[in-house]
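# Coordinate inspection notes
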Amino acid sequence: MSSHAPRTPAPLTASTASTASAASAAATSSSIPASGSGPQPSLIELFLIWFKIGATSFGGGSATQLLIQQHFVLRRSWMTPEEFAQTWAIVQFAPGINLIAITVLIGHRFGKAWGVVASLLGMMTPAVSITIAMTALYARVRDLPQATAALHGITPALVGLSLAFMWRLLKPPMVALRRRGVFAFTIGGALIVLAALLTALGIPVLVSYLAASVGLGLVYVKSRAPAVTDHPTHTSM
Amino acid sequence: MDWLTFFLLFLKASLLSTGGRGPFPYLYTDLIARGWAVESNFAEALTVGEISPGPSGLWVVSLGYLTAGLPGALLAALAVALPPLTVLLVARVHKRLKSFRATPGVLDGLVLAIIGTVAVVLARLFIANGVNGVTIAIAAITAVLTFTGRVPTWLLLVGAALAGVLFLS
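Here's a quick rundown of the structure. None of the values given here were measured: they were computed from a predicted structure.

### Description of the overall build of chain A
A count of helical and extended segments in chain A gives 9 helices and 1 strand. Ordered by position from the N terminus, the helices and strands of chain A form the series α-α-β-α-α-α-α-α-α-α. Looking at chain A as a whole, 52% of its 237 residues are labelled buried. When contacts within chain A are restricted to residue pairs at least 6 apart in sequence, those whose partners lie at least 24 apart make up 69%.

See the structure below:
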């Protein structure tokens, strides 16, 4: 599952936040991990690796994260585990699909603009064309009575599936809010209800998204985070 | 079909959200309001997204195909590929971003809003599909099995499809 999937960090990034800050302390001026002096993948290698990831990964959650690590960290050591952890942490701040963002960032790390093009084309080509082919195949049979009945069965399954994913998404921010106290926790819950109410009333989605972002941003400015560890947001999105 | 509006709606949905399900409420409200999609298109597209390789967020490509054919699919693919490019900008400022106390709150707030909004959209999808004992049972069983994480997604969807053919035709 893509980014709604559990953001349970994969083994190597078990402490994303702390490793990332360690890595950023080590990196000099740039926030993008500095290019190592070791061997680097060529544009063709980048394309092929991302092609493989795009064709064999499913979802985009921790399994995919591990797959990317295998290619860039474990098998070839083109990146250090710290670099990878920092890259993953940066991706959490970008809009859209996380897997595409990490493709862009790693592509840029090894080949600047052309690296981005090679990586993105590599990852997207198999994934997009298989998605289109499967949809086209389905579109040819969708009018069969069996297909209609199957879809009637699949729709509630999709709802159940999504509910379970959302529960996993919900946990990290709510845990973080509870550490900030009852007030912050209550506001968090209220913002979910508010977003649901606004949508039910037909208010544009953007209003809900903005209200909750600004609202919780204010809560975080006002409430003090316990000094235990870094906030787990980097792994929550 | 107004291709520019079509593309911009998909771009907005991806740019102003995060994750695979984040664009769902935008596209659901925008496309249905214009009569460009029907409820069932979303179930169809999300299903393809779950079983095809690559990020499941590519379900919007499937939605593009179902609503506007191959050009629609390609425009949707372009619309989801562009917003993540901003990560290059984010990488430059991310240390400063991280230093703001509001940043994790803004990100967490977005997640909470997505959860609340998607829940409503899912409820509409569920109701439009038909509420009865069988559909309620399918939703509940799938939610529990997904939560335990022991049954692969594709198997759950195949099982649900079979249940549909057996009990809902």
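The discussion continues.
### A few points about the environment of I138 of chain B
Turning to its location among the elements, I138 of chain B is positioned in helix α7 (residues 133-148). Its 26 C-beta neighbours within 10 Å are what place I138 of chain B among the buried residues. Between the C-alpha atom of I138 of chain B and that of G159 of chain B, which follows or precedes it by 21 residues, the distance is 9.2 Å. I138 of chain B has contacts with G153, P156, A157 and G160 of chain A together with A160 and A163 of chain B, leaving out every residue within four places of it along the chain.

### Section: the interface of chain A and chain B
Residue-level contacts link 88 residues of chain A with 86 residues of chain B. Among the elements of the structure, α2 (43-56), β1 (58-59), α4 (81-91), α5 (98-141), α6 (145-179), α7 (182-200), α8 (205-222) and α9 (233-236) of chain A are those that each provide at least two residues to the side of chain A that touches chain B. Ranked by the residues each element gives to the side of chain A that touches chain B, the list is headed by α6 of chain A, at 24 residues. Taken together, the residues of the side of chain A that touches chain B sort by class into 59 nonpolar, 29 polar and no charged. Sheet analysis places β1 of chain A next to strand β1 (residues 54-55) of chain B, joined by 2 bridges and oriented parallel. Looking at the pairing, F58 of chain A lines up with G54 of chain B of β1 of chain B.

Rules behind the numbers
- Residues numbered from 1 in each chain as written.
- Chains lettered and ligands numbered in written order.
- Predicted model: local features only at pLDDT ≥ 70, side-chain atom pairs only at ≥ 80, totals over all residues.
- Helix = DSSP H or I, 4+ residues; strand = E, 2+ residues; numbered from the N terminus.
- Buried ≥ 20, exposed ≤ 12 C-beta atoms within 10 Å, placed from the backbone.
- Contact = placed C-beta atoms within 7 Å.
- Nonpolar A, V, L, I, M, F, W, Y, C, P; charged D, E, K, R; others polar.
- Pairing = 2+ DSSP bridges.

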